[in-house]
Number of protein chains: 2
Amino acid sequence: MQKNIIKIGIAGLGTVGAETFQYIQNHQAFLKSRTGKDLIVTAVSARDKQKYRHLHLNDVTWCDNPAEMALRDDVDLVIELMGGADGAAFDLIQNALSCGKPIITANKALISKHAQRIFEKVNADKIAFAFEASVAGGIPIIKTIREGFAGNKITSVYGILNGTCNYILTEMAQKNMPFATVLKDAQDKGYAEADPSFDIDGIDTAHKLSILSAIAFGHIPKLDEIEIQGIRAITDLDINYADQLGYSIKLLGIAEETTNGISQIVAPCMLPKTASLSSVHGVFNAVFIKGDYMGDSLSVGRGAGGKATTSAIIADLIDICRGHFIHPLGQITQVEAKTIFKPIHQRQGQYYIRLLVKDEIGVIAEISAVLRDHKISLKSIIQHYQTEKSDDTVPVVITTHETNYGDVRAALTALSSLPVVMKPPHMMHILDL
Amino acid sequence: MQKNIIKIGIAGLGTVGAETFQYIQNHQAFLKSRTGKDLIVTAVSARDKQKYRHLHLNDVTWCDNPAEMALRDDVDLVIELMGGADGAAFDLIQNALSCGKPIITANKALISKHAQRIFEKVNADKIAFAFEASVAGGIPIIKTIREGFAGNKITSVYGILNGTCNYILTEMAQKNMPFATVLKDAQDKGYAEADPSFDIDGIDTAHKLSILSAIAFGHIPKLDEIEIQGIRAITDLDINYADQLGYSIKLLGIAEETTNGISQIVAPCMLPKTASLSSVHGVFNAVFIKGDYMGDSLSVGRGAGGKATTSAIIADLIDICRGHFIHPLGQITQVEAKTIFKPIHQRQGQYYIRLLVKDEIGVIAEISAVLRDHKISLKSIIQHYQTEKSDDTVPVVITTHETNYGDVRAALTALSSLPVVMKPPHMMHILDL
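All of the points below concern the structure found in this document. (Residues numbered from 1 in each chain as written. Chains lettered and ligands numbered in written order. Predicted model: local features only at pLDDT ≥ 70, side-chain atom pairs only at ≥ 80, totals over all residues. Heavy atoms only, no water.)

### What to know about the interface of chain A and chain B
Quick reminder of the rule: Residues are treated as being in contact if the distance between any of their heavy atoms lies within 4.5 Å. Buried area is calculated as the accessible area (1.4 Å probe) missing from two parts once they are joined, with the contributions of both summed. The salt bridge definition used is simple: a Lys or Arg side-chain nitrogen within 4 Å of an Asp or Glu carboxyl oxygen. Between N or O atoms, a polar contact is any pair within 3.5 Å; within protein, one atom must be a potential hydrogen donor and the other a potential acceptor, and residues adjacent in sequence are included only when both atoms are from side chains.
Contacts between the two partners involve 47 residues from chain A, matched on the other side by 47 residues from chain B. Interface area, chain A with chain B, both sides summed: about 3700 Å², of which 54% is carbon and sulfur. For the pair chain A and chain B, the interface holds two salt bridges. The closest approach of N and O atoms between Lys143 of chain A and Glu147 of chain B, which form a salt bridge, is 2.6 Å. On inspection of chain A and its partner chain B, the count reaches 15 residue pairs in polar contact (both at pLDDT 80 or more).

Structure follows, in C-alpha cells:
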C-alpha cells in the first residue's frame, strides 16, 4: 500500500478479533519497523457493544453495521473475523471489494463457498485478499505452498486440520476412553463446542482442505467435490484394533493429484505409528506435502486459538503493508476451471472395515462371500471372541489389499443388509505414509 | 521486476547449478503461469566447459569469468551457485550489486561472512537479494520466519541443519555402530564428503544457524559469536547412555533470546525421545521455533540435494519476478547493530558429561569433589563396570541439574587434568523440548 498511515477496520471482536485488535494497539513500533508505516485501528464492529469493555475502544469508531465499515473514508483495509459463509461477513467483503480495499479474513466457510467470485474480482482489480488465518492458524501453510513451494508440482497434501478432532482421537488412544466421554471432557475444557457437529463431522476440515487443495493444485475451492466422513463412528474397538495393527487414527484432509484428476477426501485414516503425522498429538495441526522437487515436507503448529490465529492475521497485514500482492492461488494467468475431479469411487487404496456381527457359526463365510462378490481382496480378517460380552455381538475386523473405494462402499451397503450384521459397518482408509 | 523477459545468468554448474539450469529450461510455461514473464537462461559460468555436455548449452553464452557475467547486458538476474565465502562468488555478487541486479544465492558461507556489507547495499538500493537455498533447501524456513511469523517475537530457534550429521547420528543409534564405521558408510553412499570436517565439526550448521538467528532476531549474522562443537567425539557409549536415559542425540543449532541477549550454539544435544525433533531421522532437516503468538512450530523437509535446493532457488526466482521485494532481515527500518550477545559461559542448562576413568577405588569421590568445587549440582552419576574390558578404563556418566555452562567447561578442564581421567571428557547439552 502506498499510504504511510494505514487505517484498519476490524469486524468481529470474538476471541480472535479482540486479540488482533489488542495486538495492533500494543505493537505500534514493532509494526512500523516491519512495514515502514503507522498502522491504526480506526473502526470496529461487533454484535454487542456493551460486551467489549476490556478493550480500549475510546479512539475507535463503533459501527453497528459491519458492511458499512468497508465504505468509510477512515478505513483503508478490512479485517473480517465475524465468520459465516454469507450474511454480514459476505456483505462486508463485497463492499470492500467494490471499493478496492485490501481484505484479511479467517473465514474458511466463506472462501470455500464464494472463492470463484472473489478470486475473479481481486485478480481483475489487483486487490489484496489474504486468508492465511483461515487454515491452521499458527502454521503459515498457505504462504508455504503458494510461495515457498511455488516451483513444485505438488502431488499430495495430507492435513490434520481440526484440533478438536485431533484432541479427541489422541485422548481416546492415550487414555483408552470411549468417544462420548472424551467429547464431554473436551467440551468441559473448551476444546469442543456445545454443538460439536461442525468439527467432528469433518465439515471444518473440509472447508480448510478445499482451500489447501485449491492452492496446491490451482483450482477454485469447491466443497461439494469433497467426500466427507467424520469421527463420530469411531469406537474404542477401532482404536484398539488400530493399535494392534501398528497404526494410529487421525482425521485427515487429503488432496491428491491422480491420473484422472484431483481427489479430495476428509476421513478418519489409519497411519503407521512411525509416520510423522502420527506423532502430532492433541490440539496441534499438521500438514504433510509431497512435491516433485522439494520431496516430503511436514509443518506442525497450533491450529486455532486467539494468539495463533492472530499470528496469521498479522503476517497477512505486514505482507499487504509491505506491498506484497499475490493472486489468491499464486498464479498470474487466469485459473483454468477444467481440472477434472476424479470420482471418489475410483480411488485405489487399502481399507479397514469393522463390523459388529451375531456370534454364530458361518458368519465369517457369509461376510467373505460378500467381499469376494465385490472383488475385494482381503489382507486380514480378525474375529476376537469377547471375554465379557454385554450382548451377543462380536467384532470382526477386516483389512483389504489395494482396492477400489467404490467397491468397498458397495460392499458395505451389501454387508449392512445382512441379518447377521448388527450395526452399520465402520470403514477407514489405511495410508502407508 | 518490470521487464517481461527476464534473462538469467547462472554461475556454478555442480549438482544444484545443473539442476536449476535444467529446471528453468524445462518449465517455461509453468514459470510464465506463475510470474507472467518469460524466464530464460542466457549465460552460464563454471570451471570446466567440457564437463557439462549433458546440458543443452547451445543457445547460452559461456562465460569463463563468472564475475563478468553480472556485467553483461543480456543478464538481468544472477543465480550464484559456486560456493566459497570469498573469491569468484564474492566478486560476482559485488558486480551484480553494483549494477543493481537481483541476486539469488545458496552461499551460506558468503552470507555468514559478508552480510553486513551486502545487506546495507541491498537495503539502500532496493536490490532483491534472496538466499532461501542457503538453509535447509526443501524447507522454506527463511520465508516462514521472515514473513509467516513476521508478527511474532521469536524466543528460540532449534535446527537440525546438517543432513550428513543427522544421517550419522541416526545410523549410530539405529544400528548400534561406531562413529568411524558409519562415517565411512556415509562417504560410500555420497552422504558425506571425502573430507567431512566441514559437516561433522559443526561449521556448516553454524553458517546456517547464523542466518536463521539473524532473521529470527533481527541482527547481522556473525559466525564468531557462535559456540561450535561437532559430533566427532560422540561414541557408541554416549548413544547407549542417551538411550538408557530416554534421550536421542541430535546436532542442533540453537539461537535463543535471553535476558542478556542472543545466545547461539552449535552442539550435540540430548533430547527426550518424545520431542518432535527426535523423530527427524536420516538426511532430513528440521527447524523448531517458538514465538510469542504462534507458539511452537516445527518444519521438516529435505535439507540438501539438487532437487530440494532447486525448489528453494526457484521459489526465490518466482518471488523476485512477481516483484516481491523484502529486506533480507524482513525489516524496513535500519537494522540496529546493538544486539548484545550473551557470553555463552553464562548460559543456564542441564548437561551430560561422559568420562573414561581408571577402574580403581575412590574415583567417583574424586570426580564428585571437582564438580562440587565448580558448584555443579548432580542429577545422576552412573558407573557401569564393563563385562568385557578391552582396557582398564570404565565409563562414568554424569547428568547435572540446571547449571552454568561456564562452570561446566571449567569443571571439564579440571577433570581432564586428573590422573584418573584417561581421555578428554565429552559434554552434551540436555534439552527438555
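There's more to say after this.
### Re the pattern of salt bridges
Residues and elements named next belong to chain A. The criterion, for reference: Helix and strand assignments come from DSSP, with helices taken as H or I runs of at least 4 residues and strands as E runs of at least 2, each series counted from the N terminus. Any residue under 20% of the maximum accessible area for its type is buried, any over 50% is exposed, and the rest in between are partly exposed; the area is computed with a 1.4 Å probe on protein chains only.
Scanning the entire structure with this criterion turns up 38 salt bridges over all chains. Where Lys121 meets Asp125, a salt bridge forms, and the shortest distance between an N and an O atom there is 2.7 Å. Pair noted here: Lys121 and Asp125 are both in helix α5 (residues 108-125), with a separation of four residues, about one helical turn. For Asp238, the salt bridge is made with Arg354, and the minimal N-O distance between the two is 2.6 Å. Of this pair, Asp238 sits in helix α11 (residues 236-245) while Arg354 sits in strand β13 (residues 348-358), and the two are 116 residues apart along the sequence. Using a relative accessible area of 4% as the deciding quantity, one classes Arg354 as buried.

### Some details on the packing of helix α1 (residues 15-26) of chain B against helix α12 (residues 306-321) of chain B
All names here are of chain B. So the rule is basically this: The convention used is that axes are lines fitted to C-alpha atoms, helices contributing only their stretch in contact, and that angles between N-to-C directions extend from 0 to 180 degrees. Our angle categories are set so that under 35 degrees counts as roughly parallel, over 145 as roughly antiparallel, 65 to 115 as roughly perpendicular, and the remainder as oblique. Left-handed describes a crossing in which the near helix is turned anticlockwise from the far one by less than a right angle; the clockwise case is right-handed.
α12 packs onto α1 with a crossing angle of 55° between their chain directions and a minimal axis gap of 9 Å. As far as their axial angle goes, α12 and α1 are oblique. In this structure, α1 meets α12 at a crossing whose hand is right-handed. Facing Thr15, Val16, Glu19, Thr20, Tyr23 and Ile24 of α1, the residues of α12 in contact are Gly306, Lys307, Thr309, Thr310, Ile313, Ile314 and Leu317.

### Overview of the packing of aromatic side chains
Rule in force here: Centres within 6.5 Å are what make two rings of Phe, Tyr or Trp a pair, Trp counting through its six-membered ring; a difference in plane orientation under 30 degrees is then read as stacked, over 60 as edge-to-face, and the rest as tilted.
Within this structure, the stated rule accounts for 14 aromatic pairs over all chains. Between the aromatic rings of Tyr23 of chain A and Tyr293 of chain B, the centroid separation amounts to 5.0 Å while the plane-to-plane angle is 80°, which identifies the pairing as edge-to-face. In this pair, Tyr23 of chain A sits in helix α1 (residues 15-26) while Tyr293 of chain B sits in the loop between β11 (284-291) and β12 (295-302), so the two residues belong to two different chains. For the residue pair Tyr23 of chain A and Tyr293 of chain B, the accessibility class agrees, reading buried in each case. Here the aromatic rings of Tyr158 of chain B and Phe288 of chain B are separated by 6.1 Å at their centres, their planes lie at 55°, and the arrangement is tilted.

### Observations concerning the sheet that holds strand β4 (residues 77-80) of chain B
Residues and elements named next belong to chain B. Under the convention used in this document: Note on pairing: DSSP must find at least two bridges between two strands before they are called paired.
Strands sit in the order β3-β2-β1-β4-β5-β6 across an open sheet of six strands; the sheet is parallel. Strand pairing shows two members of the sheet lacking a second neighbour, β3 (61-62) and β6 (129-130), which therefore form its edges. Note that strand β2 (residues 38-45) and β3 share two bridges and pair parallel. Within β3, the position partnered with Val44 by the bridge is Trp62. Together, β1 (5-11), β4, β5 (103-105) and β6 form the strand contacts of helix α4 (residues 87-99), whose direction differs from that of β4 by roughly 160°.

### A word on the environment of Ile364 of chain A
Residues and elements named next belong to chain A. Relative to the assigned elements, Ile364 resides in helix α13 (residues 363-373). For Ile364, a relative accessible area of 27% translates into the label partly exposed. Each C-alpha atom, one on Ile364 and one on Val396, is 8.3 Å from the other, the two residues being 32 residues apart in sequence. Beyond its immediate stretch of four places on either side in the chain, Ile364 contacts Ile381, Gln383 and Val396.

### As for the packing of helix α4 (residues 87-99) of chain A against α5 of chain A
All names here are of chain A. Stated formally: Residue polarity is assigned by list, with Asp, Glu, Lys and Arg as charged and Ala, Val, Leu, Ile, Met, Phe, Trp, Tyr, Cys and Pro as nonpolar; anything else, Gly included, falls into the polar class.
For the pair α4 and α5, the least separation of the axes is 11 Å and the interaxial angle reads 10°. Our classification of the angle between α4 and α5 gives roughly parallel. From α4, Ala89, Phe90, Ile93, Gln94, Leu97 and Ser98 reach across to α5, where they touch Leu110, His114, Arg117, Ile118, Lys121 and Val122. Looking at the contact of α4 with α5 residue by residue, the class counts come to seven nonpolar, three polar and two charged.

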